[in-house]
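# Results of the structural survey
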Amino acid sequence: MTTTADENLNDWLRDAHAMEQQAEKMLSAQAERLEHYPDLRARIVQHIDETRWQQSVLDECLARRGISNSVIKDMGGKLMAMGQAVGGMTVSDEVVKGAMAGYVFENIEIATYTTLIAGAQAVGDSATQAACEQIIVQEKAMAAWLLEHLPQVTQAFLARAEQPGVTAKV
Ligand code: MG
Ligand code: FE
């Protein structure tokens, strides 16, 4: 049994859509909990807006390819572990682990869109290719921001953790 390149591309677009829904949940949970790291929170809030835009762009790609929203498959378990690792975190160094997990997640997104761009190119779907090329710019920018700011987040956390009566973890 064979699978056409177009069918594979459709699957990957559905997967990407599910991934972005997971991303929105994860980022929203982080933004909601963060209190003492305003720069990190502001960047996450910005990326929530970008993530919603990405969902709409993927919706358009799916619609253009004749894939209805109702058949978007549930990734369920696949990304659940990642979401839980970030969303439901109650560890004492939550902000540090959250920023680390965010960086990992952005890199999964970069890999996903790199694959989608190559797939779209392979089937000659230039509109999907262009859409994913726009999205991946945002993912790379978010990954770069998180990596660049991880030292500051870590230092701010360590300083707060040593002060009595001060919340450090979020
Ligand atoms: Mg995204
Ligand atoms: Fe992202």
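Worth saying up front: this structure is predicted, and the values here are computed from it rather than measured. Along every chain, residues carry numbers that run from 1 in the direction the sequence is written. Ligands are numbered from 1 and chains lettered from A, in the order in which they are written. Per-residue local features of the predicted model are confined to residues with pLDDT of at least 70, and side-chain atom pairs are confined, for both listing and counting, to 80 or more; whole-chain, interface and lining totals are unaffected and use all residues. Water and hydrogen atoms play no part in the side-chain values, which are based on all heavy atoms of the structure.

## Things to note about the overall build of the protein
Secondary structure elements are taken from DSSP: a helix is a run of H or I of four residues or more, a strand is a run of E of two residues or more, and numbering for both begins at the N terminus. Helices and strands together make up the secondary structure of the protein, namely 5 helices and 0 strands. For the protein, the succession of helices and strands along the chain, N to C, is α-α-α-α-α. Per-residue burial for the protein yields a buried fraction of 45% across its 170 residues. Contacts between residues were defined by any pair of non-hydrogen atoms, one from each residue, lying within 4.5 Å. Residue pairs at least 24 apart in sequence account for 79% of intrachain contacts in the protein once pairs closer than 6 positions are excluded. Carbon together with sulfur atoms contributes 55% to the accessible area of the protein, which is approximately 8700 Å² in total. Between buried and exposed lies partly exposed: a residue is buried under 20% and exposed over 50% of the maximum accessible area for its type, with that area taken using a 1.4 Å probe on protein chains only. With residues, only the protein chains shown are counted as cover, and all accessible areas are computed by Shrake-Rupley using a 1.4 Å probe.

## Some details on empty space enclosed by the protein
Two kinds of site are reported from a 1 Å grid over the protein atoms alone, namely cavities, where a 1.4 Å probe fits but cannot get out, and pockets, open sets with protein on both sides within 12 Å along at least five of seven lines, and residues are called lining when an atom falls within 4 Å of a point. Grid points are joined across faces, edges and corners, and a volume is the space filled by probe spheres set on the points. Scanning all chains against the criterion turns up 2 cavities of 30 Å³ or more. In terms of lining, the second largest cavity is formed by Met26, Leu27, Gln30, Leu40, Ile44, Gly98, Ala99, Gly102, Glu106, Met142 and Leu146. Within the residue set of the lining of the second largest cavity, elements represented by two or more residues are helix H1 (5-33), helix H2 (38-64), helix H4 (94-123) and helix H5 (126-161). The element that contributes the greatest number of residues to the lining of the second largest cavity is H4, accounting for 4 residues. Per-class residue counts for the lining of the second largest cavity are 7 nonpolar, 3 polar and 1 charged. When residue character is reported, Ala, Val, Leu, Ile, Met, Phe, Trp, Tyr, Cys and Pro are called nonpolar, Asp, Glu, Lys and Arg charged, and the others, Gly included, polar.

## Some words on the environment of Glu20
In this fold, Glu20 is placed in helix H1. Each C-alpha atom of the pair Glu20 and Ile48 lies 9.8 Å from the other, and the pair is 28 residues apart in sequence. Excluding anything up to four places from it in sequence, Glu20 contacts Thr51, Gln54, Gln55, Leu58, Glu109, Tyr113 and Glu139.

## Here we look at the coordination of the iron ion (ligand 2)
Every protein donor of the iron ion (ligand 2) is listed here as His47 (NE2), Glu106 (OE), Glu109 (OE) and Glu139 (OE), and their distances to the metal cover 2.0 to 2.2 Å. A donor here means an N, O or S atom no more than 2.8 Å from the metal, or no more than 3.2 Å when the metal is Na, K or Ca. Since water is not included, a site may seem to lack partners. All donors of the iron ion (ligand 2) come from a single chain, and their spacing in sequence reads H-x58-E-x2-E-x29-E. Separating the iron ion (ligand 2) and the magnesium ion (ligand 1) is a distance of 3.0 Å, and Glu109 donates to both of them. Of the two residues, Glu109 is situated in helix H4 and Glu139 in helix H5; the sequence distance between them amounts to 30 residues. A single burial state applies to Glu109 and to Glu139, both of which are buried.

## Here we look at the packing of H2 against H4
Closest axis-to-axis distance for the H2/H4 pair is 13 Å, and the angle between their directions is 25 degrees. Judged on the interaxial angle alone, H4 and H2 are roughly parallel. Crossing geometry of H2 relative to H4 is assigned as left-handed. Residues Leu40, His47, Gln54 and Leu58 of H2 form the contact with H4, whose own contacting residues are Val95, Glu106, Glu109 and Tyr113. Counted by class, the contact of H2 with H4 contains 4 nonpolar, 2 polar and 2 charged residues. Lines are fitted to the C-alpha atoms to define the axes, a helix being fitted only along its stretch in contact, and any angle between axes, read from their N-to-C directions, falls within 0 to 180 degrees. Each angle is binned into one of four classes, with values under 35 degrees roughly parallel, values over 145 roughly antiparallel, values of 65 to 115 roughly perpendicular, and all other values oblique. Throughout, a crossing is termed right-handed when the near helix is turned clockwise from the far one, and left-handed when it is turned anticlockwise from it by less than a right angle.

## Quick look at the side chain of Asp125
The residue Asp125 is located in the loop between H4 and H5 in this model. Given a relative accessible area of 11%, Asp125 falls into the buried group. Every residue in contact with Asp125, bar those within four places of it in the chain, is listed here: Leu9, Arg65 and Ala120.

## Some thoughts on the nonpolar core
Counting 22 residues, the largest nonpolar core has Leu13, Leu58, Tyr113 and Leu116 as the members making the most contacts within it. Elements that contribute at least two residues to this core include exactly H1, H2, H4 and H5. Not counting residues within four places of it along the chain, the set of residues in contact with Leu13 comprises Leu58, Cys61, Leu62, Arg65, Leu116 and Thr128. Among the buried residues, those of types Ala, Val, Leu, Ile, Met, Phe, Trp, Tyr and Cys that are joined through side-chain atoms within 4.5 Å form a nonpolar core. Counting residues in each nonpolar core, the second largest holds 16 residues, with Leu34, Val96, Met142 and Val170 among its members.

Everything listed here is a matter of geometry and, on its own, says nothing about what the molecule does.
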